[in-house]
Amino acid sequence: MTKLPTRNLTKSNAQFQRAVKRLPLGVSSTFRYWGDDRTVYVHHGKGGRTWDIDGNNYVDYRLGYGPAILGYADDRVDAAARKGMEVGGVFALSTERELTVADRIAKMVPAAELVRFSNSGTEAVMAALRLARAHTGREQYLLVEGGYHGLFDAAMWMSNMDEWDLGSNTDPELVPYGKGIPPTIKQLAHITPMNDYERLEDMFRKHGDRLAAMLIEPIQGNCCSIMADPAYVRLARELCTKHGVMLIIDEVKSGFRVGKGGIQGLMGVTPDITTFAKAVANGYPIAVIAGREAVMRNFRYGGASHGGTYTAHSVSLAAAEECLRILDETPALETLAAYGEKLKAGISDILNARKIVHSYTGHPSMFGLFFAETPPDNYRAWKTSDYSFYDQMAYFLHDLGVIVEPDSREPWFMCEAHGLDATCLTDTLKAVETAVDLTLEHVEAEARAS
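From a predicted model like this one, the values you see are computed outputs, not experimental measurements. (Residues numbered from 1 in each chain as written. Predicted model: local features only at pLDDT ≥ 70, side-chain atom pairs only at ≥ 80, totals over all residues. Heavy atoms only, no water.)

Draft legend 1. Representation of the nonpolar core within the structure. Grouped together as the largest cluster of nonpolar side chains are 62 residues, with contacts concentrated most on Phe-117 and Trp-412. Residues lining this core come from more than one domain, with at least three contributed by each of domain 1 (10–72 + 331–449) and domain 2 (76–329). Residues Ala-124, Ala-127, Met-246 and Met-296 belong to the second largest nonpolar core, which totals 32 residues. (Core = buried A, V, L, I, M, F, W, Y, C linked by side-chain atoms within 4.5 Å. Buried < 20%, exposed > 50% of the residue type's maximum accessible area, 1.4 Å probe, protein only. Domains from an automatic or database assignment.)

Draft legend 2. Just the pattern of salt bridges, in detail. One pass over the structure, following the stated rule, counts 31 salt bridges. Of the charged contacts, one joins Asp-328 and Arg-104 as a salt bridge, the two residues approaching to 2.7 Å between their closest N and O atoms. One end of the pair, Asp-328, is in helix H9 (residues 314–329); the other, Arg-104, is in helix H3 (residues 97–108), and 224 residues separate them in sequence. Note on Arg-104: relative accessible area 19%, which makes it buried. Put simply, Lys-383 and Asp-162 hold a salt bridge, and the shortest N to O gap is 3.5 Å. Taken together, the positions of Lys-383 in helix H11 (residues 379–383) and Asp-162 in the loop between strand S6 (157–159) and strand S7 (174–176) put the pair 221 residues apart, joining distant regions of the chain. Given a relative accessible area of 22%, Lys-383 falls into the partly exposed group. Three or more residues are tied together by salt bridges with common partners; here these are Arg-104, Lys-107, Lys-260, Glu-322, Arg-325, Asp-328 and Glu-329. (Salt bridge = Lys/Arg side-chain N within 4 Å of Asp/Glu carboxyl O. Helix = DSSP H or I, 4+ residues; strand = E, 2+ residues; numbered from the N terminus.)

Draft legend 3. Geometry of a nonpolar patch on the surface. Among the surface-exposed residues, Val-87, Phe-91 and Leu-93 lie close enough to one another that they form a single nonpolar patch of about 290 Å² accessible area. What makes Phe-91 partly exposed here is its relative accessible area of 40%. (Patch = residues over 30% accessible without salt bridge, like charges linked within 9 Å, V, L, I, M, F, W, Y side chains within 5 Å. Areas by Shrake-Rupley, 256 points an atom, 1.4 Å probe, with all protein chains shown as cover.)

Draft legend 4. Fine view of the packing of helix H5 (residues 197–207) against helix H6 (residues 230–243). With their axes 11 Å apart at the nearest point, H5 and H6 run at an angle of 10° to one another. On the basis of their axis angle, the class for H5 and H6 is roughly parallel. Contacts between H5 and H6 involve Tyr-197, Leu-200, Glu-201 and Phe-204 from the first element and Ala-231, Tyr-232, Leu-235, Ala-236, Leu-239, Cys-240 and His-243 from the second. (Axes fitted to C-alpha atoms, helices over the stretch in contact; angles between N-to-C directions. Parallel < 35°, antiparallel > 145°, perpendicular 65-115°, else oblique. Contact = heavy atoms within 4.5 Å.)

Draft legend 5. Summary view of the sheet that holds strand S12 (residues 287–291). The sheet built from 7 strands is open, its strands ordered S4-S12-S11-S10-S9-S5-S8 with mixed pairing. Here the strands that pair on one side only, and so sit at the sheet edges, are strand S4 (114–118) and strand S8 (189–192). Looking at each pair of strands side by side, their axes are set apart by 20° on average, direction ignored. Pairing analysis gives 5 bridges linking S4 to S12, with the strands arranged antiparallel. Bridge pairing links Arg-116 to Ile-289 in S12. Sitting on the sheet, H5 touches strand S5 (140–144), S8 and strand S9 (211–216), and the angle it makes with S8 is about 155°. (Pairing = 2+ DSSP bridges.)

Draft legend 6. Structural detail: helix H12 (residues 388–399). Its 12 residues give H12 an end-to-end C-alpha distance of 18 Å, which sits within 8% of 16 Å, the value for a rise of 1.5 Å per residue. Burial of H12 is extensive: 9 of the 12 residues sit out of reach of the surface. In the core, the buried residues of H12 are packed alongside strand S3 (57–60), strand S14 (366–370), strand S15 (402–403), strand S16 (412–413) and helix H14 (422–449). Trailing H12 by a residue or two, Gly-401 shows a phi angle of about 90°, which is positive. (Expected span 1.5 Å × (residues − 1).)

Draft legend 7. Inspection of the sheet that holds S14 at higher detail. What the 3 strands build is an open sheet, ordered S13-S14-S16; its pairing is antiparallel. A single partner strand is all that each edge strand has here, and the edge strands are strand S13 (359–363) and S16. In this sheet, S14 lies alongside S13 in antiparallel orientation, the contact comprising 5 bridges. Looking at S14, one finds that His-363 is bridged to Met-366.

Draft legend 8. A look at unusual backbone geometry. Phi is positive for Tyr-65, close to 70°, though the residue is something other than glycine. With respect to the helices and strands, the residue Tyr-65 is situated in the loop between S3 and helix H2 (75–85).

Draft legend 9. Layout of the layout of surface pockets. Roughly 600 Å³ of internal volume is contained in the second largest pocket. Lining the second largest pocket we find 28 residues, and of these Ser-94, Glu-98, Val-115, Arg-116 and Phe-117 sit closest to its centre. The set of elements that each furnish at least two residues to the lining of the second largest pocket consists of H3 and S4. (1 Å grid on protein atoms, 1.4 Å probe; cavity = no way out; pocket = protein on both sides within 12 Å on 5 of 7 lines; lining within 4 Å. Points joined across faces, edges and corners; volume = space filled by probe spheres on them.)

Draft legend 10. Spatial organisation of the domain arrangement of the protein. The assigned domain composition of the protein is domain 1 (10–72 + 331–449) and domain 2 (76–329). One C-alpha centre belongs to domain 1, the other to domain 2, and the line joining them spans 26 Å. Between domain 1 and domain 2 the total buried area reaches about 3,100 Å² when both faces are included, carbon and sulfur atoms providing 61% of it. By the criterion of area lost to domain 2, the three top residues of domain 1 are Leu-333, Tyr-379 and Arg-380, representing 24% of everything that side buries. For the interface between domain 1 and domain 2, the tally reads 5 salt bridges. In this assembly, domain 1 and domain 2 are joined by 17 residue pairs in polar contact (both at pLDDT 80 or more). Elements supplying a minimum of two residues to the side of domain 1 that touches domain 2: helix H10 (332–353), S13, S14 and H11. A breakdown of the residues in the side of domain 1 that touches domain 2 according to their chemical character gives 19 nonpolar, 10 polar and 6 charged. (Buried area = accessible area lost by both parts, 1.4 Å probe. Polar contact = N/O pair within 3.5 Å; in protein donor to acceptor, adjacent residues only side chain to side chain. Nonpolar A, V, L, I, M, F, W, Y, C, P; charged D, E, K, R; others polar.)

Next up, the structure:
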């Protein structure tokens, strides 16, 4: 039998016991709680690696859910941010750098005719939906199953797959993510499966004249990096145009990561409104709402309200200016995508040697690993599949010094620093090989026990 890995979390566990008395679940985001005895508290990060307060060193493929596109504590971006500090912080007034960064975004993304800044992906999508309603005068909106658009009430609706009868001719019930979301909002929300062309057309036939917007992540950053067919996104564009609906492409995770022009650039689709956030400033808090001039001009007195005390903060803007320059003018995106391809190939070699069927979803810069011959192409296919092998493997990977999300929904994110540090790949593949063998033994033990 393969020896079980061990990891000293004494300080982290002690920190949890202290923190849980003051912070719910001992953390500031529910998704950071991984259990009373496995929640990680970070000491620092550099490049493609993270160190916890116990001194454990991890090759990190969460990267804060994607923001550290160049790697943690990138010297170039941090130097720019320090210069941004000299500006003075926050004024609730504008600075020249806002236009400089907006011009760079418009250069990289043709659909970004006008730009507004926010602080987080959630804020950006909230503003985008409000903008669509202001422009159309309508209230209802269409979501795509498996999409994630942040933690605000209008976006926190999903198909209840856990209680759905697969053999029925009915759709799963639309339910909120959790408590505290007013049921009345459900009257405004509609949802449709990814890549189901007939259902999408049917949705627009039934509701198109009442929809303000359709929100879509063409690469689902919170569901295995499942990708929409380009033809599906093009159909969505056609239907939105036909029915006067604003197409909102949510690129909070894919923007400036899968390509300079985002996933919309790769697919050749022009949205009315786009949102960006994660990779804009290599981890400094900033987000973007961008779109057609005729739509964006609704941000005005008497139109759609938008603002925020910390919006376009001098430090975040300075970091964004340098990060976007690097992504636009250097081979950084090619470097991290090439690393993703090498990592996938190495994992495949390990799995093929053990005759384990597998496939990948998404883009090499943010991919999902799936243990089936064909990867899922929508949320229903993922939710009704067996992802227990992945979840167990991820558990072992943490103890072996590789950080991935504890379940299969979150993609593996690459950064430029991964591609510039040869040890990241060798350390990862060594850990994956051990984790796969341990998972196989775990599965066999469970089979014998049953």
